[in-house]
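# Residue-level structure breakdown
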Amino acid sequence: MANDSGSTFRAGRTGLIVRIPEAESAVRRWRERLDPSAQAGVPAHVTVIFPFLDESRIDSVVYSALADVLGRHQAFDLRFERCGRLPEVSYLVPEPDTQLRQLTEAVADRWPEAPPYGGRFTEILPHLTIAQGQEDAVLEKIEADLAGRLPFTSRVSSVELLVHDGTKWQERASFALGE
């Protein structure tokens, strides 16, 4: 999840992610040093929606609606074979990314007040962030290190709701995808 405040995450901020535990052994040491979300307790993941609704707005009706919206989507497999890059950012590319895009679109359609990345970007680009705010030389070093650790696959069977408590991100709920 992006650190859109420039320095710290705000208490009550929420996000929806899919965990990618298979990535941890490959990316943990880089993320812990170079990804603010990892430093704040977020596991290796692909973001579905960030930011989502403020925690104060999430009640039993929202939980039920999330279960319904997400449960309409089938579990799926992702393969991570290569790194991608944006300015000052290195990430792993999930393939295929169609189901991830569909999850994001479904949540954004249901809650238009919570567009992906706060509406800052028009394109949905599913990715697993490894490092942010880094120069090309650092990104090249990361990509060279990861070349020998790829590919791997991951089964996506749920979406997690995370909430920032003012210090760390905490999982509040997990929503199963259909099987």
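Just so it is clear, the model here is predicted, and its values are computed rather than measured. (Residues numbered from 1 in each chain as written. Predicted model: local features only at pLDDT ≥ 70, side-chain atom pairs only at ≥ 80, totals over all residues. Heavy atoms only, no water.)

Right, let's talk about the packing of aromatic side chains for a bit. Taken as a whole and judged by the stated rule, the model has six aromatic pairs. Between the aromatic rings of Phe9 and Trp169, the centroid separation amounts to 5.4 Å while the plane-to-plane angle is 75°, which identifies the pairing as edge-to-face. In this pair, Phe9 is assigned in the segment before strand E1 (14-19) and Trp169 in strand E8 (residues 169-176), connecting sequence segments 160 residues apart. Like Trp169, Phe9 is buried. An aromatic cluster is defined as three or more aromatic residues linked by ring pairs; in this entry it consists of Phe9, Phe50 and Trp169. The side chain of Arg110 reaches across the aromatic face of Trp111, ending 4.6 Å from its centre. (Phe/Tyr/Trp six-rings, centres within 6.5 Å; stacked < 30°, edge-to-face > 60°. Helix = DSSP H or I, 4+ residues; strand = E, 2+ residues; numbered from the N terminus. Buried < 20%, exposed > 50% of the residue type's maximum accessible area, 1.4 Å probe, protein only. Lys NZ or Arg CZ within 6 Å of the ring centre and 35° of its normal.)

Evaluation of the coordinates by the stated rule reveals 16 salt bridges. Between Arg10 and Asp54 there is a salt bridge, and its shortest N-O distance comes to 3.0 Å. Of this pair, Arg10 sits in the segment before E1 while Asp54 is found in the loop between strand E2 (45-49) and helix H3 (60-71), placing the two residues 44 residues apart along the sequence. Judged by its relative accessible area of 40%, Arg10 is partly exposed. Looking at Asp54, the relative accessible area reads 26%, which means it is partly exposed. (Salt bridge = Lys/Arg side-chain N within 4 Å of Asp/Glu carboxyl O.)

Cis geometry marks the peptide bond from Glu95 to Pro96, where omega comes out at -15°. Mapped onto the elements, Pro96 comes out in the loop between strand E4 (89-95) and helix H4 (98-110). The omega torsion of the bond from Leu150 to Pro151 falls at 5°, within 30 degrees of zero and hence cis. Here Pro151 lies in the loop between helix H5 (136-147) and strand E6 (152-156). In the Ramachandran plot, Glu88 falls in the positive-phi region, its phi being about 65° despite a non-glycine side chain. Within the fold, Glu88 resides in the loop between strand E3 (76-86) and E4. Assessed through its relative accessible area of 47%, Glu88 is described here as partly exposed. Notably, Tyr117 is not glycine yet its phi reads approximately 55°, a positive angle. Mapped onto the fold, Tyr117 is located in the loop between H4 and strand E5 (128-132). Classification of Tyr117 by relative accessible area gives buried; the value is 16%.

On to the sheet that holds E1. Pairing within the open sheet is antiparallel, and its four strands lie in the order E2-E1-E7-E8. Every interior strand has two partners, whereas the edge strands, E2 and E8, have only one. Each adjacent strand pair in this sheet contributes to an overall mean axis angle of 35°, direction not counted. In terms of strand pairing, strand E7 (residues 158-164) meets E8 through seven bridges, oriented antiparallel. Counterpart to Glu160 in the pairing with E8 is Ser174. Each of E1, E7 and E8 is contacted by H3, which is oriented at about 55° to E8, the strand it contacts most. (Pairing = 2+ DSSP bridges. Axes fitted to C-alpha atoms, helices over the stretch in contact; angles between N-to-C directions. Contact = heavy atoms within 4.5 Å.)

Before going further, it helps to spend a moment on H4. The end-to-end C-alpha distance of H4 is 18 Å, a good match for the 18 Å that 13 residues give at a rise of 1.5 Å each. Along H4, the residues classified as buried are Leu100, Leu103, Thr104, Ala106, Val107 and Ala108. Contacts made by the buried residues of H4 are with E1, E2, H3, E3, E4 and E7. (Expected span 1.5 Å × (residues − 1).)

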